[in-house]
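# Notes for the structure review
Each chain, letter by letter, is given below.
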Amino acid sequence: MTSELLPVGLLTPVGTTLDVSEGTAGLMVTAPGIVAAFAAPVIAVTAGRLDRRVLLAALIALVGIANLACAAAPNFAVVLVARVLVGVGVGGFWAIAGGLALRLVPPAQVARATAVVFGGVSTASVLGVPAGTFMGELTGWRTAFAAVGALGLVALVVLVFLLPPLPTEASARRMTFRDLSRLGRDNPGVRAGLALTFLLITGHFVAYTFVRPILRDVAGVDDGLIGVLLLGYGVAGVAGNFAAGTRASRDARRTLLAITTTLTVALTLLALLHDVPAAGIALLIVWGLAYGGVPVSLQTWMLTAAPKATEAATSLFVAVFNLSIALGALLGALAVDNIATAAAPWLGAALALLTALTAAAARRPTADR
């Protein structure tokens, strides 16, 4: 996740060094997100009976090598190709790893283990991206990419030694693209989960993509404080992730209702309270706490709805999640450029409210038969 998000803080130095605009440099974020959305279901289907430990090791190796290629890239075209490979690795890894808790721990510990896995998303925001950005400012953006690439290869070694073999059961039928389509069509819990994911993630990234101008121009927060405040947002997100993990295992629907209601209120107040820095800071922390529980709650919903097809359900979830990130960023840009900065949290709040209404109308997910 740090590999996917790292360019967010390095667009300007990369663009300056490689002689491209910041808008063009933004493709380093957009491209892997879109690629990951398609890679997730494709890898889940084509993996067949390959041992999941071997597959995860290959994907982590790909991400590590791609980051090292970014660090050594002579031009932006090479960087973009490497970022596409990061998207393949991230999408495939998430599709496979998201449901592995069911195979690695006893049933009573699945919720906690799933929260640990998805805690990596929040921790990337808290430690990975700020650390990479700081390193880039001190020693150059190439060093930041090289460091993440080297850490990826370290993670590869640890994964190989600590993860047990995860062969596919001999009796298991090989998944096909038709199975993915059938799961989305015939399982109402999966359909509801995908709809909730689309609405909620799109709404979040409509606003979060522009969190800096929202805090600065709408809430009146001093620009010099925003980096520290985003660190606080990330810490709150980690806490929210683990708090939601246990609750979602008992009732994912009620957990998502609480999360979406909180997000609706927080984003609405952010849009309304102009030039009130203290309120903006408090609402940012509430926002982080609520959103921190989103990935694990949505994943728990999908696994509860399709416990016999975890990889298929997770790959669909990852695809919709990543496409929603791209769509949210696009809608947010249109709102900010054509209306006002405050339009981004307003639109985010509207989509969060629509998610809450959808969750209220949906049935609680139950295991497929």
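The text that follows walks through the structure, step by step, so that each part is easy to find. A quick note: this is a predicted structure, and the numbers were derived from the prediction, not measured. (Residues numbered from 1 in each chain as written. Predicted model: local features only at pLDDT ≥ 70, side-chain atom pairs only at ≥ 80, totals over all residues. Heavy atoms only, no water.)

Moving on to the side chain of T314. Here T314 is to be found in helix 17 (residues 310-338). Among all residues touching T314, those that are not within four sequence positions of it are W94, A95, G98, G99, Q299 and L303. (Helix = DSSP H or I, 4+ residues; strand = E, 2+ residues; numbered from the N terminus. Contact = heavy atoms within 4.5 Å.)

This paragraph deals with the packing of helix 10 (residues 177-186) against helix 17. Contact geometry for helix 10 and helix 17: axes closest at 10 Å, N-to-C directions at 80°. Considered as vectors, helix 10 and helix 17 are oriented roughly perpendicular to each other. Between helix 10 and helix 17, the residues in contact are L180, L183 and G184 and A312, A313, S315 and L316, respectively. Its residues assigned to classes, the contact of helix 10 with helix 17 comprises five nonpolar, two polar and no charged. (Axes fitted to C-alpha atoms, helices over the stretch in contact; angles between N-to-C directions. Parallel < 35°, antiparallel > 145°, perpendicular 65-115°, else oblique. Nonpolar A, V, L, I, M, F, W, Y, C, P; charged D, E, K, R; others polar.)

With 21 residues, helix 14 (residues 252-272) should cover 30 Å at 1.5 Å per step; its first-to-last C-alpha distance of 30 Å lies within 8% of that length. Of the positions making up helix 14, those classed as buried are A252, T255, L256, I259, T260, L263, T264, A266, L267, L270 and A271. Against the buried residues of helix 14 lie helix 11 (188-208), helix 12 (211-218), helix 13 (226-250), helix 15 (277-292), helix 16 (294-305) and helix 18 (343-361). For helix 14, the N-terminal cap is D251; the gap from its side-chain oxygen to the backbone nitrogen of R253 is 3.3 Å. (Expected span 1.5 Å × (residues − 1). Buried < 20%, exposed > 50% of the residue type's maximum accessible area, 1.4 Å probe, protein only. Polar contact = N/O pair within 3.5 Å; in protein donor to acceptor, adjacent residues only side chain to side chain.)

What follows deals with the packing of aromatic side chains. On inspection of all chains with the given rule, the structure shows nine aromatic pairs. An angle of 85° between the planes, with centres 5.9 Å apart, marks the rings of Y233 and W287 as edge-to-face. Of the two residues, Y233 is situated in helix 13 and W287 in helix 15; the sequence distance between them amounts to 54 residues. For Y233, a relative accessible area of 5% gives the class buried. Three or more aromatic residues link up through ring pairs in this structure, and these residues are F205, Y208, Y233, W287 and Y291. (Phe/Tyr/Trp six-rings, centres within 6.5 Å; stacked < 30°, edge-to-face > 60°.)

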